[in-house]
Amino acid sequence: MRAPLVVAGAVAAAGALLGPAPGPAVAAPRPSTPASAPVVVAPTITADPTGKVSPTGTVTLTGTYSCPAQSKSGPVFVSSSVGTGSAATGSVRYGLNSTVAQCDGSPHPWSNQGKLSGASIVPGPTDVQAVLVRLDKHGWLPLPAILATDRHPVDLRLAQD
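Residues numbered from 1 in each chain as written. Predicted model: local features only at pLDDT ≥ 70, side-chain atom pairs only at ≥ 80, totals over all residues. Heavy atoms only, no water.

Colleague: Now, about the nonpolar core: what can you tell me, with residues and values included?
Modeller: Grouped together as the largest cluster of nonpolar side chains are 23 residues, with contacts concentrated most on I45, V59, L61, Y65, W110, I121 and L132. If you list the elements that add at least two residues to this core, you get β1 (44-47), β3 (58-66), β4 (76-86), β8 (124-138) and β9 (141-158). Aside from chain neighbours lying at most four places away, what touches I121 is V53, V59, V82, T84, Y94, L116 and L156. (Core = buried A, V, L, I, M, F, W, Y, C linked by side-chain atoms within 4.5 Å. Buried < 20%, exposed > 50% of the residue type's maximum accessible area, 1.4 Å probe, protein only. Helix = DSSP H or I, 4+ residues; strand = E, 2+ residues; numbered from the N terminus. Contact = heavy atoms within 4.5 Å.)

Right, here's the structure in full:
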């Protein structure tokens, strides 16, 4: 089984070194795409410029995400966290509850909320990170695959529980 792979590699390397064969250039046929073919979008996520923090420490973040339809892959989640400090200086991160993403190529709103005990998150600017993450199976172990991230300062405003 090893010989065909070695031969295929040698043929590919020779083609790369020698370039295309001489002769008239012929355009390769272009595959036709039906008008109803789904549009593939790159995964994206954004966090809104404002969030909420209650007097008891419950933080609510919102934003939007989109991801293409997945086939034969694990579930996708919207995860978010707040931090003290900044991306440039480093920060302590506090994760919020995650939500399940609906991957169909359309934009969707998201909202994550969590009560942060022991954290000193107060109204005002704070570092927020939103992540679109898929859990892929590797044997029996699901491992995260990051699809998209957004990290920037967000203005937390006082909210009531």
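Having seen the model, we can carry on.
Colleague: Break down the state of the cysteines for me, with residues and values.
Modeller: By definition, a disulfide links the sulfur atoms of two cysteines through a covalent bond. Tallied over the entire structure, the rule returns one disulfide. Each sulfur of the disulfide joining C67 and C103 lies 2.0 Å from the other. Torsion about the S-S bond of the C67 and C103 cystine: about -90 degrees, corresponding to left-handed handedness. Here C67, found in the loop between β3 and β4, pairs with C103, found in the loop between β6 (99-100) and β7 (108-115); they are 36 residues apart in sequence, far enough to count as distant. Both residues of the pair, C67 and C103, count as buried. (Disulfide = S-S within 2.5 Å.)

Colleague: I'd like a rundown of a nonpolar patch on the surface, residues and numbers included.
Modeller: Residues W140, L141 and L143 make up a contiguous nonpolar surface patch of about 360 Å² in total accessible area. If you trace the backbone, W140 turns up in the loop between β8 and β9. (Patch = residues over 30% accessible without salt bridge, like charges linked within 9 Å, V, L, I, M, F, W, Y side chains within 5 Å. Areas by Shrake-Rupley, 256 points an atom, 1.4 Å probe, with all protein chains shown as cover. Salt bridge = Lys/Arg side-chain N within 4 Å of Asp/Glu carboxyl O.)

Colleague: Break down the pairing of β9 for me, with residues and values.
Modeller: The sheet contact formed by strand β2 (residues 50-53) and β9 spans four bridges and is parallel. In the strand pairing of β9, K52 is matched with R157. Remark: two residues form the turn of the hairpin made by β8 and β9, two consecutive strands paired antiparallel; G139 in that turn has positive phi of roughly 70 degrees. (Pairing = 2+ DSSP bridges.)

Colleague: Outline the side chain of T126, listing residues and values.
Modeller: Note that T126 resides in strand β8. The class of T126 is buried, set by a relative accessible area of 9%. A polar contact of 2.8 Å, which involves the side chain of T126, links it to the backbone oxygen of G83. Those residues in contact with T126, other than ones at most four positions away along the chain, are V82, G83, H152, P153, V154 and L156. (Polar contact = N/O pair within 3.5 Å; in protein donor to acceptor, adjacent residues only side chain to side chain.)

Colleague: Break down the environment of K137 for me, citing the residues and quoting the values.
Modeller: Within the fold, K137 resides in strand β8. Separated by 63 residues in sequence, K137 and G74 place their C-alpha atoms 6.8 Å apart.

Colleague: Give a detailed account of the pattern of salt bridges, specifying residues and quantitative values.
Modeller: Side chains that differ in charge, positive against negative, can pair when their charged atoms come close. A full pass over the atoms with the stated rule returns four salt bridges. D127 is the partner of R151 in a salt bridge, and the nearest nitrogen-oxygen pair spans 2.7 Å. Remark: D127 occurs in strand β8 and R151 occurs in strand β9; sequence separation between them is 24 residues. Judged by its relative accessible area of 5%, D127 is buried. Residues participating in the shared-partner salt-bridge network are R93, D127 and R151.

Any functional reading would require information beyond the geometric quantities listed.
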